[in-house]
Amino acid sequence: MAYHVDSAPNQNLHINYEPSSLNGLKEAPRSAPDHMPEYKGRLMKQTIDRQNNFKQAGERYRLHEDWERDDLINNMVGALADADRRVSDKMVELCTNCDPDWGRRLAEGLEQARNGKTAEGGNQYNEARGSEAVAQAEATAHDAKPY
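Since the structure is predicted, the reported quantities are computational estimates derived from the model, not experimental observations.

1. Some details on the overall build of the protein
Counting secondary structure elements, the protein contains five helices and zero strands. Listed N to C, the secondary structure of the protein is α-α-α-α-α in terms of helices and strands. Considering only residue pairs separated by 6 or more positions, the protein has 47% of its internal contacts joining residues 24 or more positions apart. Split by element, the accessible area of the protein, about 12,500 Å² in all, is 52% carbon and sulfur.

2. So, the packing of aromatic side chains
Ring pairs (aromatic) are described by centroid distance and by the angle formed between their planes. If you walk through the whole model with that rule in mind, you get one aromatic pair. Judged by centre distance (4.8 Å) and plane angle (5 degrees), the rings of Y61 and W102 are stacked. Highlighted residues: Y61 in helix α1 (residues 55-63) and W102 in helix α4 (residues 100-115), separated in sequence by 41 residues. Just as Y61 is buried, W102 falls in that class too. A cation over an aromatic ring shows up here: R69 above the ring of Y61, its NZ or CZ 5.5 Å from the ring centre.

3. What to know about the side chain of S88
Here S88 is to be found in helix α3 (residues 85-98). The exposure class of S88 is buried, given its relative accessible area of 0%. Within the structure, the side chain of S88 is placed 3.1 Å from the backbone oxygen of R85, a separation counted as a polar contact. Dropping the residues within four chain positions of it, S88 is found in contact with L80, L110 and R114.

4. Thoughts on the nonpolar core
In globular proteins that are soluble, nonpolar side chains generally tend to be buried together. Counting residues in hydrophobic clusters, the biggest one holds 13 residues, and the most contacted among them are M76, V77, C95, W102, L106 and L110. For this core, the secondary structure elements donating two or more residues are α2 (66-80), α3 and α4.

5. Some words on the environment of M76
Relative to the assigned elements, M76 resides in helix α2. The spatial distance from the C-alpha of M76 to the C-alpha of L110 is 8.8 Å, given a sequence separation of 34 residues. If near-sequence neighbours (up to four positions away) are discounted, M76 is found in contact with M91, C95, W102 and L106.

6. Things to note about the pattern of salt bridges
Scanning all chains against the criterion turns up 12 salt bridges. E59 is paired through a salt bridge with K55; the nearest N and O atoms lie 3.9 Å apart. Pair noted here: E59 and K55 are both in helix α1, with a separation of four residues, about one helical turn. The exposure class of K55 is partly exposed, given its relative accessible area of 47%. Taking the shortest distance from any N to any O, the salt bridge between K90 and E93 comes out at 3.6 Å. Here E93 and K90 lie together in helix α3, a separation of three residues that amounts to about one turn. E93 gets classed as partly exposed once you look at its relative accessible area, which sits at 41%. Within the structure, one salt-bridge network assembled from shared partners comprises R85, D89 and E111.

Quick notes on the rules
- Residues numbered from 1 in each chain as written.
- Predicted model: local features only at pLDDT ≥ 70, side-chain atom pairs only at ≥ 80, totals over all residues.
- Heavy atoms only, no water.
- Helix = DSSP H or I, 4+ residues; strand = E, 2+ residues; numbered from the N terminus.
- Contact = heavy atoms within 4.5 Å.
- Areas by Shrake-Rupley, 256 points an atom, 1.4 Å probe, with all protein chains shown as cover.
- Phe/Tyr/Trp six-rings, centres within 6.5 Å; stacked < 30°, edge-to-face > 60°.
- Buried < 20%, exposed > 50% of the residue type's maximum accessible area, 1.4 Å probe, protein only.
- Lys NZ or Arg CZ within 6 Å of the ring centre and 35° of its normal.
- Polar contact = N/O pair within 3.5 Å; in protein donor to acceptor, adjacent residues only side chain to side chain.
- Core = buried A, V, L, I, M, F, W, Y, C linked by side-chain atoms within 4.5 Å.
- Salt bridge = Lys/Arg side-chain N within 4 Å of Asp/Glu carboxyl O.

Have a look at this one:
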């Protein structure tokens, strides 16, 4: 995300990508040849003997504040509540591998959401959360500032 865009004379400040036909940024000319590291040895593709595919995600989950974990679970439940059962069950399994608390809370939230199905097939969980989100957005909304 660009916070500040360098500008040059006659440059369109709203164009911060290249190439652009609207007088945007231009890449600086190369002042030296590209770095070309030398490597002597054999490069090969092979599997790692001991994989740990869940450690980093579990550590990240445990670093979250309680309210962040609550938001994460609510967002995941909202997204998975109407998904095919095989998909949501696989997600619960993956989250459980990362952290048992994560998987348990996700499974409980999904079960609660599934029990809240409406007669039309909608989901009371998603509808209630959506109404809350709309009310919150309307309360904090403001007009956008022009460039």
